[in-house]
Amino acid sequence: MDRAQKEKVVEELGQIFESSGVVVVAHYAGLTVAEMQDLRARAREADASVRVAKNRLAKIALDGKPCASIADYLSGMTVLTFSDDPVAAAKVSQNFAKDNKNFVILGGAMGEQALDPKGVEDVSKMPSREELIASIVGCIGAPASNIAGAIGAPASNIASILSSIEEKAEAA
């Protein structure tokens, strides 16, 4: 890799570290190519990404970035899982680590907040952005449906009363 390529990688990693909601660092020694492809596929489904980069270049790219605290985790065979959603990459990494003993989460960062392996696990248990939006919409929509039900209920009650009166009149 020549100097220009290295500078390009450092720039790309810098953008990743700058814009990602969460970055998770893990060791991946011992994973097969198929397992790495599985990790990448899971990440893609969750709108996250996986990147393997030279630790030295990643440390250079981390300089001055909000998640610079993860530089300590960059030793050995490391892989970065990252996403704009502050939860997606942590969920993907945590679920993959459960299935693959060779994938060991070292830690990560959520903005300026450093995360140890327990912190990554805690973040992975949080609801995703889509789940939060759905619950907020549900909370907003529930009162409206209750009001519609309350408004419609008297009309249906009146209709059933009228029909029972009509049935009694016909019977008499």
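The structure we're discussing is the one just above.
Residues numbered from 1 in each chain as written. Predicted model: local features only at pLDDT ≥ 70, side-chain atom pairs only at ≥ 80, totals over all residues. Heavy atoms only, no water.

Q: Hey, could you run me through the packing of aromatic side chains in this one?
A: Aromatic ring pairs are reported here in terms of the distance separating the ring centres and the angle at which the planes meet. In total, this model carries one aromatic pair according to the counting rule given. Look at Phe 96 and Phe 103: their rings are 5.0 Å apart centre to centre, the planes differ by 85°, and that puts the pair in the edge-to-face class. As far as burial versus exposure is concerned, Phe 96 and Phe 103 are alike and both buried. (Phe/Tyr/Trp six-rings, centres within 6.5 Å; stacked < 30°, edge-to-face > 60°. Buried < 20%, exposed > 50% of the residue type's maximum accessible area, 1.4 Å probe, protein only.)

Q: I tried to follow the nonpolar core on my own but got confused; where do I start?
A: Among soluble globular proteins, nonpolar side chains are generally buried collectively. Core analysis: the biggest nonpolar cluster contains 21 residues, and Met 36, Leu 39, Val 79, Phe 103 and Ile 105 have the highest contact counts within it. For this core, the secondary structure elements donating two or more residues are β1 (22–27), α2 (33–45), β2 (48–51), α4 (88–99) and α5 (117–124). Here this core takes five residues from α4, the largest share from any one element. Those residues in contact with Val 79, other than ones at most four positions away along the chain, are Val 24, Val 25, Ala 26, Tyr 28, Met 36, Val 50, Arg 51, Val 52 and Phe 103. In terms of nonpolar packing, the next biggest core, distinct from the first, is built from 19 residues, Val 9, Ala 61, Leu 62 and Leu 80 among them. (Core = buried A, V, L, I, M, F, W, Y, C linked by side-chain atoms within 4.5 Å. Helix = DSSP H or I, 4+ residues; strand = E, 2+ residues; numbered from the N terminus. Contact = heavy atoms within 4.5 Å.)

Q: Teacher, can you tell me more about the sheet that holds β2 here?
A: Strands pair in a sheet through their backbones, by hydrogen bonds, and they do so in one of two ways: parallel or antiparallel. Spatial ordering of the open sheet is given by β2-β3-β1-β4-β5, a layout of five strands whose pairing is antiparallel. Two strands bound the open sheet, and with one partner strand each, they are β2 and β5 (113–115). Within this sheet the neighbouring strands show an average axis-to-axis angle of 15°, counted without direction. Relative to strand β3 (residues 78–83), β2 runs antiparallel, the two sharing four bridges. (Pairing = 2+ DSSP bridges. Axes fitted to C-alpha atoms, helices over the stretch in contact; angles between N-to-C directions.)

Q: Sorry, what's going on with helix α3 (residues 55–62) here?
A: Every α-helical turn comprises 3.6 residues, leaving residues that sit three or four positions apart pointing alike. Among the residues of α3, Asn 55, Leu 57, Ala 58, Ala 61 and Leu 62 are the ones counted as buried. All buried residues of α3 fall inside an arc of 160° around its axis, so they share one side. Of the surrounding secondary structure, the elements contacted by the buried residues of α3 are α1 (3–19) and β3. With its phi angle positive at about 80°, Gly 64 sits one or two positions after the end of α3. (Arc of directions from axis to C-beta.)

Q: Please explain the environment of Ser 93 as it appears in this structure.
A: The residue Ser 93 is located in helix α4 in this model. Taking relative accessible area as the criterion, Ser 93 reaches 0% and is therefore assigned buried. Sequence separation between Ser 93 and Thr 81 is 12 residues; the distance between their C-alpha atoms is 7.0 Å. Excluding anything up to four places from it in sequence, Ser 93 contacts Val 24, Thr 81, Phe 103 and Ile 105.

Q: What is the right way to read α5 from this model?
A: Considered for burial, the residues of α5 that qualify are Gly 119, Val 120, Val 123 and Ser 124. Projection of α5 onto a plane perpendicular to its axis shows the buried side chains occupying an angular sector of 140°, all on one side. As for α5, its buried residues are in contact with β1, α4, β4 (104–110) and β5.

Q: Please clarify how the environment of Phe 103 should be interpreted in this entry.
A: Along the polypeptide, Phe 103 turns up in the loop between α4 and β4. Measuring from C-alpha to C-alpha, the distance between Phe 103 and Leu 39 comes to 9.9 Å, with 64 residues separating the pair along the chain.

Q: When you look at the layout of surface pockets in this model, what are you seeing that I'm missing?
A: Rolling a probe over the atoms, with the probe sized like a water molecule, indicates the empty space that remains. Of the pockets and cavities examined, the largest pocket occupies roughly 160 Å³. Only α4 and α6 (129–171) provide two or more residues apiece to the lining of the largest pocket. Class assignment for the residues of the lining of the largest pocket results in two nonpolar, two polar and six charged. (1 Å grid on protein atoms, 1.4 Å probe; cavity = no way out; pocket = protein on both sides within 12 Å on 5 of 7 lines; lining within 4 Å. Points joined across faces, edges and corners; volume = space filled by probe spheres on them. Nonpolar A, V, L, I, M, F, W, Y, C, P; charged D, E, K, R; others polar.)

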